Amino acid sequence: MKEALVFFHDSSASRDPKMIKLRLGLGWQAIGHYWAIVETLREQPGYRIERNLNLLAVLTGIDIADLNLTVPRCEELELLATDEDGHLYSPSLCRRMEDRKEISEQKRNAVNTRWK
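Going along each chain's sequence as written, the residues are numbered from 1 onward. With pLDDT at 70 or above as the cut-off, local features in this predicted model cover only qualifying residues; side-chain atom pairs require 80 or more to be listed or tallied, and sums for whole chains, interfaces and linings still use all residues. To get the side-chain values, take all heavy atoms of the structure and skip hydrogens and water.

Asks: Please clarify how the sheet that holds strand β3 (residues 87-89) should be interpreted in this entry.
Replies: Pairing between the strands of a sheet comes from backbone hydrogen bonds, and it takes one of two forms, parallel or antiparallel. Two strands are said to pair when DSSP picks up at least two bridges between them. Comment: elements are numbered from the N terminus, with helices defined as DSSP H or I runs of at least four residues and strands as E runs of at least two. Pairing is antiparallel in the open sheet, where three strands are placed in the order β1-β3-β2. Edge strands, defined here as strands with exactly one partner in the open sheet, are β1 (48-50) and β2 (81-82). Here β1 pairs with β3 via three bridges, running antiparallel. Pairing of I49 across the sheet is with L88, part of β3.

Listed below in structure tokens is the structure:
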């Protein structure tokens, strides 16, 4: 059985100004595309993937023509970004996963301290 990889997002994410701008330009479908991309990034090492839209289309099942509209718009809105090595990532996902890692480490340290 495959492990479910978890990440959190705000329950009001669809009402974030950036998401509203994405939706106004491309419709609700673009919101679904964005979350499919973020879910795919969550499964990647370092939460990054080569910025190759053909590869992303295969991994997400999203039509390449839609990705050619959605990804650049997400980059304009800073929902997605491309690093200096040409890897696509979500700044928000990276930040949330780093926060989660820090909390896990703090809990682990607290347990270790308690049991020493």
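Asks: Is there a simple way to explain unusual backbone geometry in this structure?
Replies: As a rule of thumb, non-glycine residues mostly have phi less than zero, and peptide bonds are mostly trans rather than cis. If you check the backbone angles, Y47 has positive phi at about 60 degrees while not being a glycine. The residue Y47 is located in the loop between α2 (28-42) and β1 in this model. Note on Y47: relative accessible area 23%, which makes it partly exposed. Look at E78: it is not a glycine, yet its phi comes out positive at around 65 degrees. Note that E78 resides in the loop between α4 (64-76) and β2. Burial classification: accessible surface area is computed with a 1.4 Å probe over protein chains only, and a residue below 20% of its type maximum counts as buried, one above 50% as exposed, and the rest as partly exposed.

Asks: Even after reading the chapter, I still don't get the side chain of D83, so can you show me in this structure?
Replies: Along the chain, D83 turns up in the loop between β2 and β3. N or O atoms closer than or at 3.5 Å make up a polar contact, with two conditions inside protein: a donor-capable atom paired with an acceptor-capable one, and, for residues adjacent in sequence, both atoms drawn from side chains. In terms of polar contacts, D83 uses its side chain to reach the side chain of R48, at 3.1 Å. Here the side chain of D83 touches D85 through a polar contact of 2.9 Å, landing on its backbone nitrogen. Here, residues are in contact when the closest pair of their heavy atoms is within 4.5 Å. For D83, the residues in contact, after removing those within four places along its chain, are R48 and Y89.

Asks: Looking at this model, I keep getting lost on the packing of α2 against helix α3 (residues 53-60). Mind explaining?
Replies: Viewed as axis vectors pointing N to C, α2 and α3 meet at an angle of 95 degrees, and their least axial separation amounts to 10 Å. Between α2 and α3, the angle is such that the two are roughly perpendicular. From α2, A36, I37 and T40 reach across to α3, where they touch L56, L59 and T60. Of the residues contributing to the contact of α2 with α3, the split by class is four nonpolar, two polar and no charged. Interaxial angle, 0 to 180 degrees, is taken between N-to-C directions of lines fitted to C-alpha atoms, where a helix line uses only the stretch in contact. Comment on the angle field: the value is read as roughly parallel under 35 degrees, roughly antiparallel over 145, roughly perpendicular from 65 to 115, and oblique elsewhere. When residues are sorted by character, Ala, Val, Leu, Ile, Met, Phe, Trp, Tyr, Cys and Pro go into the nonpolar class, Asp, Glu, Lys and Arg into the charged class, and all the rest, Gly among them, into the polar class.

Asks: Can you help me understand the side chain of S90 in this one?
Replies: For S90, the location among the structural elements is in the loop between β3 and α5 (91-114). Of the residues examined, S90 reaches a relative accessible area of 1% and is grouped as buried. When sequence neighbours within four positions are dropped, the list of residues in contact with S90 reads Y34, V38, L41, L79 and L80.

Asks: Looking at this structure, I do not really get the packing of helix α1 (residues 17-26) against α2. What am I missing?
Replies: When two helices pack together, their arrangement is given by the angle between the helix axes and the distance between those axes. Where α1 contacts α2, the axes come no closer than 6 Å and their chain directions differ by 125 degrees. With respect to α2, the element α1 is oriented oblique. Of α2, the residues touching α1 (which contributes M19, L22, R23 and L26) are W28, A30, I31, Y34 and W35. Class assignment for the residues of the contact of α1 with α2 results in eight nonpolar, no polar and one charged.

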